[in-house]
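Structural description and commentary
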Amino acid sequence: MSTTHYDLLSRLVAYPGPELRAEVAHAVVALSESYPRAAQKLEHFLQLLPADDLLALRELHTRTFDVQPITSLDIGYTLFGEDYKRGALLANLSSEHTRVGNDCGTELADHLTNVLRLLPKLIDASLREELVRVLLGPALEEMIREFDPTRLAKKEALYKKHHKTLIEAAAGETRVAYRHLLEAIFEVLRQDFSLKTTLPREQESSFAKAVSTELGIEDCDGCTSAPGGTP
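All of these numbers come straight from a predicted model, not from anything done at the bench.

1. Examining the packing of helix 8 (residues 125–145) against helix 10 (residues 177–193)
- Their axes nearest at 10 Å, the elements helix 8 and helix 10 cross at an angle of 155°. Between helix 8 and helix 10, the angle is such that the two are roughly antiparallel. For the pair helix 8 and helix 10, the crossing hand works out as left-handed. Together, Arg128, Glu129, Val132, Arg133, Leu136, Gly137, Leu140, Glu141, Met143 and Ile144 of helix 8 and Arg179, Leu182, Glu183, Ile185, Phe186, Leu189 and Phe193 of helix 10 make up the contact between the two elements.

Here it is as structure tokens:
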């Protein structure tokens, strides 16, 4: 299995360095022939990235994935929240990373960058197929869904209720720029593994539920009782 395009895509997801825009432009060219739809999504991503401003690039990444995030890049957390299933996934992925010498750096074993670099290194093709179909594909779809305006508004309400304020987001469509990158990655996986896009789901995501739990906030619009049940 070719490693080139997965290595390229993993670098685009990572915390941005000064070379990010050049790397995205290179990925557009590299994918344009075999993955034209993915290349188009990367072009859109590139157009939305702040130009000649590394601080703005890094702030966009941080606000999207780390501080009052839209979504998480940890696929286990996206799918399972803090459920014990994530712990089992982390243990299994760590074993596979170690087996093939895939250095995870400072990120966890289920971080999207590490999983993308792991895919072409896996010796067992059936394991690779299962990882994509059962975990990576569904996680990416869930990450992409988190950019839906309704879900964004709900998370912002949670953050504001807990923090009393919201960190100022990037203006306009730039705020959701990383959606196009995630869609490009899913498109590559779709072609390589014949993935089928599932129908949109209306229920709250595991990620949003985990955020609510971490903030200690119950979604109880209309509740009037004080803590302890006292009106």
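2. Some thoughts on the packing of aromatic side chains
- Overall, the coordinates contain two aromatic pairs when judged by the stated rule.
- A ring pair is formed by Phe65 and Tyr178, whose centres lie 5.1 Å apart and whose planes are at 75°; its orientation type is edge-to-face. With Phe65 in helix 4 (residues 54–65) and Tyr178 in helix 10, the pair connects residues that are 113 residues apart, well separated along the chain.
- Members of the aromatic cluster, joined through ring pairs, are Phe45, Phe65 and Tyr178.

3. Describing helix 8
- For helix 8, which comprises 21 residues, the first-to-last C-alpha distance of 28 Å matches the rise-based estimate of 30 Å (1.5 Å per residue) to within 8%.
- Maximum bend of helix 8: about 40°, positioned at Val132.

4. Overview of the pattern of salt bridges
- Taken as a whole and judged by the stated rule, the model has 12 salt bridges.
- Residue Glu23 pairs with Arg11 through a salt bridge whose shortest N-O separation is 3.4 Å. In this pair, Glu23 sits in helix 2 (residues 20–31) while Arg11 sits in helix 1 (residues 4–13), placing the two residues 12 residues apart along the sequence.
- Overall, the relative accessible area of 40% leaves Arg11 in the partly exposed class.
- Residues Glu183 and Lys41 are paired through a salt bridge, measuring 3.7 Å at the closest nitrogen-oxygen approach.

5. Re helix 10
- Here helix 10 contains 17 residues, and its C-alpha end-to-end distance of 25 Å stays within 8% of the 24 Å for a straight helix at 1.5 Å per residue.
- Among the 17 residues of helix 10, 13 are classified as buried, and the element is accordingly described as predominantly covered.
- Count one or two residues on from helix 10 and you reach Ser194, which has phi positive near 55°.

Thresholds, definitions, all that
Residues numbered from 1 in each chain as written. Predicted model: local features only at pLDDT ≥ 70, side-chain atom pairs only at ≥ 80, totals over all residues. Heavy atoms only, no water. Axes fitted to C-alpha atoms, helices over the stretch in contact; angles between N-to-C directions. Helix = DSSP H or I, 4+ residues; strand = E, 2+ residues; numbered from the N terminus. Parallel < 35°, antiparallel > 145°, perpendicular 65-115°, else oblique. Left-handed = near helix turned anticlockwise from the far one by under 90°. Contact = heavy atoms within 4.5 Å. Phe/Tyr/Trp six-rings, centres within 6.5 Å; stacked < 30°, edge-to-face > 60°. Expected span 1.5 Å × (residues − 1). Bend = angle between axes of the 7 residues up to and from the residue. Salt bridge = Lys/Arg side-chain N within 4 Å of Asp/Glu carboxyl O. Buried < 20%, exposed > 50% of the residue type's maximum accessible area, 1.4 Å probe, protein only.

By themselves, these are just geometric observations and shouldn't be taken as functional.
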